[in-house]
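One-letter residues, chain by chain:
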Amino acid sequence: MNILVTGGMGFIGSNYILNRMEKYDDFIYNMDSITYASNPWYLEKVKNSPNYKFINDDINNISIHGQELRDLDTIVNFAAESHVDNSIKDSSSFIISNIMGTHALLEHARKNDLRFHQISTDEVYGALPVDSKEKFNVDSPYNPKNPYSATKGTADMLVRSYCNTYGLKATISNCSNNFGPHQHREKLIPKTIINLMNNEKVPIYGDGRQIRDWIYVTDHCNGIDLILEKGKAGKTYLIGSDGEHSNIEVVNEIMHLMKKNTDMIKFVDDRPGHDRRYAIDASSIRKLGWKPEFNFNDALRQTVDHYTKNYENYIL
Ligand SMILES: NC(=O)c1ccc[n+]([C@@H]2O[C@H](COP(=O)([O-])OP(=O)(O)OC[C@H]3O[C@@H](n4cnc5c(N)ncnc54)[C@H](O)[C@@H]3O)[C@@H](O)[C@H]2O)c1
């Protein structure tokens, strides 16, 4: 396949490119506008590969790259502004990248008859009660609670409308919270590890009991490949690995792995409108034959090891 991966200099996109290039002989174009969230060091090992090409541009400009991308058959769209806190401060760039950017890619896919896959989030479904066993499933109603999730939900609706209106061969995956190498240090797990390495306290929002359904990034990437291979056009797939842990549990486990004291935690004012719990019913992707390969505790140990060994690359 000739695949355009967008946002491939960010966390999940870069892991996706490395994982995909290990498994298949595709040609990968990586289009990324190199925002503050990207960090090209992680793709150094493939940058001169004959089946990889980086295009330094905004996805909103895809139409000017038609000639360069003439042999393309598939777009996998990771590019997005991804940090909820930033969207609360100013959501303009979220509208431009997450909604308008997705629209530009959909137009390109429609005009060139391309396969399209949209990377989305479980946050579009809103929040679940902490004390319930309920999980999000493919029929859960969209109920985004912050500007980030509202822009991701809007993009999903655009994708669905292109399937319905134009018969675009598109799929969507809504995944839970990822962790693993090459995540920006603004996010909980890298921030905890790096703060502890610097002997700085780890800020925790509110009471720290917000529950997220953690998945190791490689499990997410393998799920996307399976959807490209076996997914049905017009369908949504939920990806999650039954990894529910509260933020405070995650931070405590990292402190344990790094042999640090619990007095390194600093509770700070909660994020406005902070969702209490996310949990995924992953039966849609499990039916395609997917299952997670990584156990939370082992993968977290591996992740702590990665950030401690590559510390310099995360403090730039
Ligand atoms: N991180 C998670 O836990 C998680 C969970 C579910 C879904 N997602 C989704 O996965 C995707 C990737 O998330 P991530 O955590 O890797 O994000 P990230 O912030 O680490 O990376 C995003 C990348 O997109 C690029 N980008 C942003 N706007 C762009 C634009 N207009 N044009 C070109 N490039 C642009 C950035 O430069 C960056 O390299 C996002 O769509 C996000 O909504 C993330």
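What you see is a predicted model, and the numbers here were worked out from it, not measured in a lab.

Take the nonpolar core next. Of all hydrophobic cores here, the largest spans 46 residues; its most connected members are Y16, Y52, V76, F78, F179, I189 and I254. With six residues, helix α1 (residues 11–23) is the single largest residue contributor to this core. Excluding residues that lie within four positions of it along the chain, F179 makes contacts with F11, I189, W214, I215, Y216, V217, F296, A299, L300 and T303. By size, the runner-up hydrophobic cluster in this structure holds 22 residues, among which are M31, I55, A79 and A170.

Next up on the list: helix α9 (residues 296–309). Under the 1.5 Å per step criterion, the end-to-end length of α9 is 20 Å for 14 residues, consistent within 8% with the ideal 20 Å. Turning to α9, its buried residues are F296, A299, L300, T303, V304, H306 and Y307. Around the axis of α9, the buried residues are gathered within 160° of arc, so they sit on the same side. At its buried positions, α9 is contacted by β7 (178–179), α5 (188–197), β10 (215–216), β12 (244–246), α7 (247–257) and α10 (311–314). Capping the start of α9, N295 holds a side-chain oxygen 3.0 Å from the backbone nitrogen of N297, two or three residues further along.

Here we take up unusual backbone geometry. The backbone of D242 shows a phi angle near 50°, a positive value even though the residue is not glycine. Here D242 is to be found in the loop between β11 (236–239) and β12. Owing to a relative accessible area of 48%, D242 belongs among the partly exposed residues under this scheme. For K259, which is not glycine, the phi dihedral falls at a positive 55°. Structurally, K259 is set in the loop between α7 and β13 (265–268). Exposure remark for K259: the relative accessible area of 75% places this residue in the exposed category.

So, about the sheet that holds strand β2 (residues 27–32). The strands that make up a sheet are held in pairs by hydrogen bonds between backbone atoms, and each pair lies either parallel or antiparallel. On the basis of which strands lie adjacent, the open sheet formed by seven strands has the order β3-β2-β1-β4-β5-β6-β11 and parallel pairing. Strands at the two margins of the open sheet, each flanked by one partner only, are β3 (52–56) and β11. Neighbour-to-neighbour, the strand axes of the sheet open up by a mean angle of 20°, direction not taken into account. Sheet topology note: the strand β5 (residues 115–121)/strand β6 (residues 170–175) ladder contains six bridges and is parallel. Within β6, the residue paired with F116 across the bridge is A170. Sheet strands in contact with helix α4 (residues 147–166) are β5, β6 and β11, and its direction is about 155° off that of β5.

In this section: the packing of aromatic side chains. Within this structure, the stated rule accounts for 14 aromatic pairs. Taking 6.2 Å as the distance between ring centres and 75° as the angle between the ring planes, the aromatic pair formed by F179 and W214 counts as edge-to-face. Here F179 is found in strand β7, whereas its partner W214 is found in the loop between β9 (211–213) and β10, with 35 residues between them in sequence. Exposure remark for F179: the relative accessible area of 1% places this residue in the buried category.

Turning to the site of the ligand, a few remarks are in order. Around the ligand lies a shell of 28 residues, among which I12, D32, S82, Y148 and K152 are the nearest. Contact distances for the ligand include 3.2 Å between a nitrogen atom and a backbone N or O atom of S33. K152 has a polar side-chain atom sitting 2.6 Å from an oxygen atom of the ligand. If the ligand stood free it would expose 840 Å²; the protein chains cover 97% of that surface. Elements with a minimum of two residues in the shell around the ligand: α1, β5 and α4. The element best represented in the shell around the ligand is β5, accounting for three residues. The residue inventory of the shell around the ligand, partitioned by class, reads 12 nonpolar, 12 polar and four charged.

Looking now at the UniProt feature "domain: NAD(P)-binding" (unreviewed entry) in the protein chain. The UniProt entry lists residues 4–303 under the feature "domain: NAD(P)-binding" (unreviewed entry), expressed in the numbering used here. As annotated, residues 4–303 comprises 35% helix and 18% strand, and the C-alpha atoms at either end are separated by 27 Å.

Parameters at a glance
- Residues numbered from 1 in each chain as written.
- Predicted model: local features only at pLDDT ≥ 70, side-chain atom pairs only at ≥ 80, totals over all residues.
- Heavy atoms only, no water.
- Core = buried A, V, L, I, M, F, W, Y, C linked by side-chain atoms within 4.5 Å.
- Buried < 20%, exposed > 50% of the residue type's maximum accessible area, 1.4 Å probe, protein only.
- Helix = DSSP H or I, 4+ residues; strand = E, 2+ residues; numbered from the N terminus.
- Contact = heavy atoms within 4.5 Å.
- Expected span 1.5 Å × (residues − 1).
- Arc of directions from axis to C-beta.
- Polar contact = N/O pair within 3.5 Å; in protein donor to acceptor, adjacent residues only side chain to side chain.
- Pairing = 2+ DSSP bridges.
- Axes fitted to C-alpha atoms, helices over the stretch in contact; angles between N-to-C directions.
- Phe/Tyr/Trp six-rings, centres within 6.5 Å; stacked < 30°, edge-to-face > 60°.
- Near = heavy atom within 4 Å.
- Areas by Shrake-Rupley, 256 points an atom, 1.4 Å probe, with all protein chains shown as cover.
- Nonpolar A, V, L, I, M, F, W, Y, C, P; charged D, E, K, R; others polar.
- UniProt positions renumbered as here; feature names shortened; annotations may be inferred.

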